[in-house]
Structure formats: structure tokens, C-alpha cells
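What the coordinates show
Each chain, written out:
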Amino acid sequence: MQTKKEKSAATERTAPTGSDGPTSKALRLLDETFEEWRYEPSARPSAYFGALLLSFGGLLLGGGTFALSRISEGAWHENAWLMLTAGLVLEVAFLILGGKPEAAVHVGQLGVAHEADGKLERLAWCDITRVSIVADGLKLETDGKPVLIGFEHHTQAAARVAAEAKKRIPKRVMCDEDELAGLGESRGGEKVTAEAAQVGKSLCRATGEALTFEKDVRMCGNCGALYHRNGVPRRCTECSRKLKAA
Ligand SMILES: [Zn+2]
């Protein structure tokens, strides 16, 4: 049975050439398999605090309900109501302070992605307009809302994103060598395979032509910019990587 890696290599070998296919290895087809690293968020003290709130809140709610079902009056009846109220307060505090888990981050050939409700929200390298280090993380600016890879949960992912951005879109990285070194080495993460997102409403970066059919789309293997197969420029308009011979 063919592994995914072998399958990917086979795809590259058998990829068509000429006007119907990639003209150099710098171009990728969307049905290929891509690689990336997945980073789980690191635990933080407030996560343990949240677990404590949840546990104690649950105990108080359970104990209060049990006591109320057995005792109908007297001091312990009032205590049971107090337990129920305190349990409810702790559960609400958990929802406000520690209820939302931090998302895992993916970094690789297809860009940077956050896991959200079982799906991946992707940001291609070519869509990142500026990379900088701010107080609490690595800031990725886009035409829309900026994305923050926070140091609190994602120190290693931030280092990987910065290193990959420096290789792929160096002109957009506003950090000097010392700042990048301060993020630490590019390491950790779990190696996973990834599939490109559907083209949706994308336009060819060179001609503006609508990319309707996946088989007509060619992707810059360096920054993820998408082109119509008939509109591939000599150099990528986003990262300047050479895409085809003169
Ligand atoms: Zn490119």
C-alpha cells in the first residue's frame, strides 16, 4: 500500500507539464498532499484554576441538590440552598474565566491555521502582509483582522511561524535577527499531512480571472498564491519565487 509521502512524490512525478500543468517544481496542484506541524496549546496556571472551579462547582451543585431532596426544612435546608448557589456561581465563573479552550495551531506549506470547532481556519503565506513581534505574541497582519500567535500558549508555534515566514515572505517580516533568535529554535509540533482548501471565490493573482475549477489552479509552492494555469507569471507576484522558465 502506498504511503501518503510516496503518493505525494508520485503525484509530483506524474504531474502534467506544458500549458496543462505545472511548468516547474515551484508550482503545486491543489490535489497534492501537503505537510505541516500541529501545535497543541501549552497548559497555563489558569487552566488548572478553571478545572478547580469546574470540579468544586459540580460538587456543590450535586451535594446541594442531594441535600434538598432529603431535607425539607431547618438549618441544613438553608445550607443546601447556599451550596446550590455557590456551585452555580463557580460554574458561571468557569464559563467566564476558563471555559474557552485555546486552539491548536498548524504551520506548514499551506500557511498558518487555527483549529476551530473541528475545522481549520487557514491563512496562506501570501495573505500575510506583515509579521511583527508584539508584547504578547507574533502578530500576523492581513487585509482583514490580524492573527496573533500568543506566547502564553504557543511559544514553539510562534518560533516556527516566524522562521517559515522569514524563508517564504522575508520582505514582510519586520523582525531583526536578534528578535527572531529570541523566539527560540523552530522545533516541536506533530508532523501531519494537510489538504488545500477548496478554491471557493479565489481569483488568479496575476490575471484576476475567477478560479472555478480546481484542476485549472496552480499554486506557488512557496507562498500559496493561486493562479489560473493559463495565467502563471514567470515570477510569483507575491513572493517573487521563479515559477516558470523564461
Ligand atoms: Zn509565491
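Throughout what follows, the structure given in this document is the object of discussion. Quick caveat: nothing in here was measured; it's all calculated off a predicted structure.

**Comments concerning the coordination of the zinc ion**
For the zinc ion, the full set of protein donor atoms is Cys220 (SG), Cys223 (SG), Cys236 (SG) and Cys239 (SG), at a range of 2.3 Å. The site at the zinc ion holds four donor atoms, and with the angles between them running 102 to 114°, its shape is tetrahedral. Sequence positions of the donors to the zinc ion reduce to the motif C-x2-C-x12-C-x2-C. Remark: Cys239 occurs in the segment after strand S11 (226-228) and Cys220 occurs in strand S10 (residues 217-220); sequence separation between them is 19 residues. By the burial criterion, Cys220 is buried, and Cys239 matches it.

**Section: the sheet that holds S10**
Judged by pairing direction, the sheet is antiparallel, and its three strands sit side by side in the order S1-S10-S11 without closing on themselves. The two strands at the open ends of the sheet, each matched to only one other strand, are strand S1 (27-29) and S11. Neighbour-to-neighbour, the strand axes of the sheet open up by a mean angle of 40°, direction not taken into account. Bridge count for S10 against S11 is three bridges, and the pairing is antiparallel. Bridge pairing in S11 places Arg218 opposite Tyr227.

**So, the pattern of salt bridges**
The full count for this structure, using the stated rule, is 13 salt bridges. We note a salt bridge from Arg38 to Glu40, for which the minimum N-O separation is 3.0 Å. Among the residues examined, Arg38 registers a relative accessible area of 18% and is labelled buried. A network of salt bridges, in which partner residues are shared, links Asp127, Arg172, Arg205 and Glu238.

**Structural notes on the packing of aromatic side chains**
Within the structure shown, the criterion is met by zero aromatic pairs. The ring of Phe213 is capped by Lys215, whose NZ or CZ atom sits 5.7 Å from the centre of that ring.

**Observations regarding the sheet that holds strand S6 (residues 130-134)**
In a beta sheet, neighbouring strands are held together by backbone hydrogen bonds and run either parallel or antiparallel to one another. The sheet built from three strands is open, its strands ordered S6-S7-S8 with antiparallel pairing. With one partner strand each, in any of the chains shown, S6 and strand S8 (147-150) form the two edges of the open sheet. Taken over all neighbouring pairs, the strand axes of this sheet differ in orientation by 20° on average, direction set aside.

**Observations regarding the environment of Cys175**
Among the structural elements, Cys175 can be located in the loop between helix H4 (155-168) and helix H5 (177-182). Through-space distance from the C-alpha of Cys175 to that of Val131 is 7.5 Å; in sequence the pair is 44 residues apart. In this structure Cys175 touches Val131, Ser132, Ile133, Lys166 and Leu180, once residues within four positions along its chain are discounted.

**Structural notes on H4**
Between its first and last C-alpha, H4 extends 20 Å over 14 residues, near the 20 Å set by a 1.5 Å rise per residue. Considered for burial, the residues of H4 that qualify are Ala157, Ala158, Ala159, Arg160, Val161, Ala162, Glu164, Ala165 and Arg168.

**A short note on the nonpolar core**
The biggest cluster of nonpolar side chains holds 46 residues, and the ones touching the most others in it are Trp125, Leu138, Leu140, Ile149 and Cys223. Secondary structure elements with two or more residues in this core: strand S2 (34-39), strand S3 (105-108), strand S7 (137-141), H4, S10 and S11. Among the elements that line this core, the one with the most residues is H4, at six residues. Beyond its immediate sequence surroundings of up to four residues, Cys223 is in contact with Ala124, Trp125, Cys126, Ile169, Cys236, Glu238 and Cys239.

Calculation rules
- Residues numbered from 1 in each chain as written.
- Predicted model: local features only at pLDDT ≥ 70, side-chain atom pairs only at ≥ 80, totals over all residues.
- Heavy atoms only, no water.
- Donors = N, O, S within 2.8 Å, 3.2 Å for Na, K, Ca; no water.
- Tetrahedral: all angles 85-135°; square planar, octahedral: opposite > 155°, others 65-115°.
- Helix = DSSP H or I, 4+ residues; strand = E, 2+ residues; numbered from the N terminus.
- Buried < 20%, exposed > 50% of the residue type's maximum accessible area, 1.4 Å probe, protein only.
- Pairing = 2+ DSSP bridges.
- Axes fitted to C-alpha atoms, helices over the stretch in contact; angles between N-to-C directions.
- Salt bridge = Lys/Arg side-chain N within 4 Å of Asp/Glu carboxyl O.
- Phe/Tyr/Trp six-rings, centres within 6.5 Å; stacked < 30°, edge-to-face > 60°.
- Lys NZ or Arg CZ within 6 Å of the ring centre and 35° of its normal.
- Contact = heavy atoms within 4.5 Å.
- Expected span 1.5 Å × (residues − 1).
- Core = buried A, V, L, I, M, F, W, Y, C linked by side-chain atoms within 4.5 Å.

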